[in-house]
Amino acid sequence: RALLNGRYDIPGCQQDNSQSSCLAKGIIWYTWRGYYYSLKMSSLKMRPDNFAVCPEGTYGPTCSETCHCLNGTANCNHVTGACLEGCADGWGGSDCQTVPPQFEQTPMDEIINAGQPLRWTCKATGDPLPTITWFHGTDPVTSTSTTQTESGVQFTVSSITINQVSRSDNGTYSCIASNSG
């Protein structure tokens, strides 16, 4: 018998409390303070005997993905890779599987005469590979992007070209690298 917003009695149990446990097939709900209550929902989750739980530090359907959790891998969800206490240094995203973008090359300030050509390049790495977007002030600028691999590391390389610089090209230019995971 247990009390939880009312009284549950197990059919076939003695009411004299002389039995320490009782085997029965169901639960009968009794009224409490004149109202009828019922359990709205219950669930039972069972897994087969051969259900694989990934070894500590791995996750995924085949346990082949690596966790990147703060304070080791003990708090890594074996299904999603999500970390309960946050991500280790250098990792981010909801599942700690994203390496934020890091610039390897950025443009330098330049003074150019009107009519001269200008080409600026940004180069960034990350996981997943970042997308680079250019801006002149707050206005997006058309650029060309490629992927390069150097010493086994992949980079996104993005460039803007101004064939003939004019006064309207004066201002601040920025390249922004972003990725998601």
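Our structure's up above, just so we're on the same page.
Quick caveat, the model's predicted, so the values are computed rather than measured.

S.K.: Provide a residue-level description of the sheet that holds strand S6 (residues 99-105), including the pertinent values.
M.R.: Taken in spatial order, the four strands of this open sheet run S6-S7-S11-S10, and their pairing is antiparallel. The sheet terminates laterally at S6 and strand S10 (144-150), the two strands that pair on one side only. Neighbouring strand axes in the sheet, compared pairwise and without regard to direction, differ in orientation by 30° on average. Inspection of the sheet shows S10 paired to strand S11 (residues 153-162) by seven bridges, in the antiparallel sense. Across the sheet, Gln148 pairs through a bridge with Phe155, a residue of S11.

S.K.: Could you give an account of the state of the cysteines, with specific residues and numbers?
M.R.: Here the structure, examined in full by the defined rule, presents five disulfides. Across the disulfide from Cys69 sits Cys83; the S-S distance is 2.0 Å. Because the torsion about its S-S bond is -80°, the bridge between Cys69 and Cys83 counts as left-handed. Placement of Cys69 in the loop between strand S5 (65-66) and S6 and of Cys83 in the loop between S5 and S6 is noted, with a sequence separation of 14 residues between them. Assigned by exposure class, Cys69 and Cys83 land together as buried. A sulfur-sulfur separation of 2.0 Å characterises the disulfide bridge that pairs Cys87 with Cys96. Taking the torsion about the sulfur-sulfur bond, which here is approximately -85°, the covalent link between Cys87 and Cys96 counts as left-handed. With relative accessibility at 21%, the residue Cys87 sits in the partly exposed group.

About the cut-offs
Residues numbered from 1 in each chain as written. Predicted model: local features only at pLDDT ≥ 70, side-chain atom pairs only at ≥ 80, totals over all residues. Heavy atoms only, no water. Pairing = 2+ DSSP bridges. Helix = DSSP H or I, 4+ residues; strand = E, 2+ residues; numbered from the N terminus. Axes fitted to C-alpha atoms, helices over the stretch in contact; angles between N-to-C directions. Disulfide = S-S within 2.5 Å. Buried < 20%, exposed > 50% of the residue type's maximum accessible area, 1.4 Å probe, protein only.

Geometry only, nothing functional implied.
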